[in-house]
Amino acid sequence: MSSIQTVGIIGAGTMGNGIAQACAVSGIRVVMVDVAQAAVDKGLATVAGSLDRLIKKEKLTAEGKATALALIKGSTSYDDLKGAQLVIEAATENEGLKVKILQQLDGILAPEVIVATNTSSISITKLAAATQRADKFIGMHFFNPVPMMALVEIIRGLQTSDATHDAVKALAEALGKTPITVKNAPGFVVNRILVPMINEAFFVLAEGIATPEDIDAGMKLGTNQPIGPLALADMIGLDVCLAVMNVYMAEFNDSKYRPAPLLKEMVAAGWLGRKTGRGVYTY
């Protein structure tokens, strides 16, 4: 049984409202904070819509939806986070912004409160060092869409205590997720393996070894992945894939992480995938 009864979430965007939904459906109280009331309202509306889809699929009752929504409090004030035993920062992937939020939390939260970040690329050790509670700081990397994806990467900084790790692991299990414990390193586990695989698919495409459709079909049918790497790149955004490879190249200083020239070329053309209507494929 998790000792965490109330979770604070900073950010009501895709990840924040997804984490809020996962908590509320599991009977955990949530305080979801964003800077603007409009963002909070949009986040709450997203959760309601997502729960409606679960009702349609007969995975949730109308009563279950009402119970879950009643557990989520939206707010624009950090003061409302005071009752939480864990606060998860799920703001935009920007180090300066995250540090500013974490330092603000230090001034408000009791010393025993655990703070987690949902970053997918920033060093947990470095973020922990910016707080007054480095031993109570940890990474909780949820995957999108949060309500559907079973994995949570739990990332220990150099300073993270065993008690902090165990409490957060218990919470992830209480949410019905499967946590894996990861040391702090660029990309953690999943993205460290996944994004270089996507990058390699661009090398294969550029060499004319096969068509995009055949590369994706090969990986789907030959390795049992639900989506091929090039279609996945279009979904993630080619600019995001390139940015991740650039981080690996800089952090590891190892040429195996060099971004594929074709990937760089397509980003330069503004062909970023689904969000621009064209990437490897046309949408």
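In the nomenclature of an unreviewed UniProt entry, the protein corresponds to Putative 3-hydroxybutyryl-CoA dehydrogenase from the organism Hydrogenophaga pseudoflava. The record held by UniProt for the protein lists under Sequence similarities (unreviewed entry) the comment "Belongs to the 3-hydroxyacyl-CoA dehydrogenase family."

Colleague: I'd like to hear about the packing of aromatic side chains, residue by residue, with values.
Modeller: Scanning all chains against the criterion turns up three aromatic pairs. When the ring of tyrosine 248 is compared with that of phenylalanine 252, the centres are 6.1 Å apart and the planes differ by 65°; the resulting orientation is edge-to-face. In this pair, tyrosine 248 and phenylalanine 252 both sit in helix α10 (residues 238–252), four residues apart, roughly one turn of the helix. Judged by its relative accessible area of 2%, tyrosine 248 is buried. Judged by its relative accessible area of 26%, phenylalanine 252 falls in the partly exposed class. Seen from their ring centres, tyrosine 248 and tyrosine 257 are 5.7 Å apart, and the 70° between their planes marks the pair as edge-to-face. Among the aromatic side chains, those forming a connected cluster through ring pairs are Tyr248, Phe252 and Tyr257. Above the face of the tryptophan 271 ring, arginine 278 is positioned so that its terminal group lies 3.6 Å from the ring centre.

What counts, and at which threshold
Residues numbered from 1 in each chain as written. Predicted model: local features only at pLDDT ≥ 70, side-chain atom pairs only at ≥ 80, totals over all residues. Heavy atoms only, no water. UniProt positions renumbered as here; feature names shortened; annotations may be inferred. Phe/Tyr/Trp six-rings, centres within 6.5 Å; stacked < 30°, edge-to-face > 60°. Helix = DSSP H or I, 4+ residues; strand = E, 2+ residues; numbered from the N terminus. Buried < 20%, exposed > 50% of the residue type's maximum accessible area, 1.4 Å probe, protein only. Lys NZ or Arg CZ within 6 Å of the ring centre and 35° of its normal.

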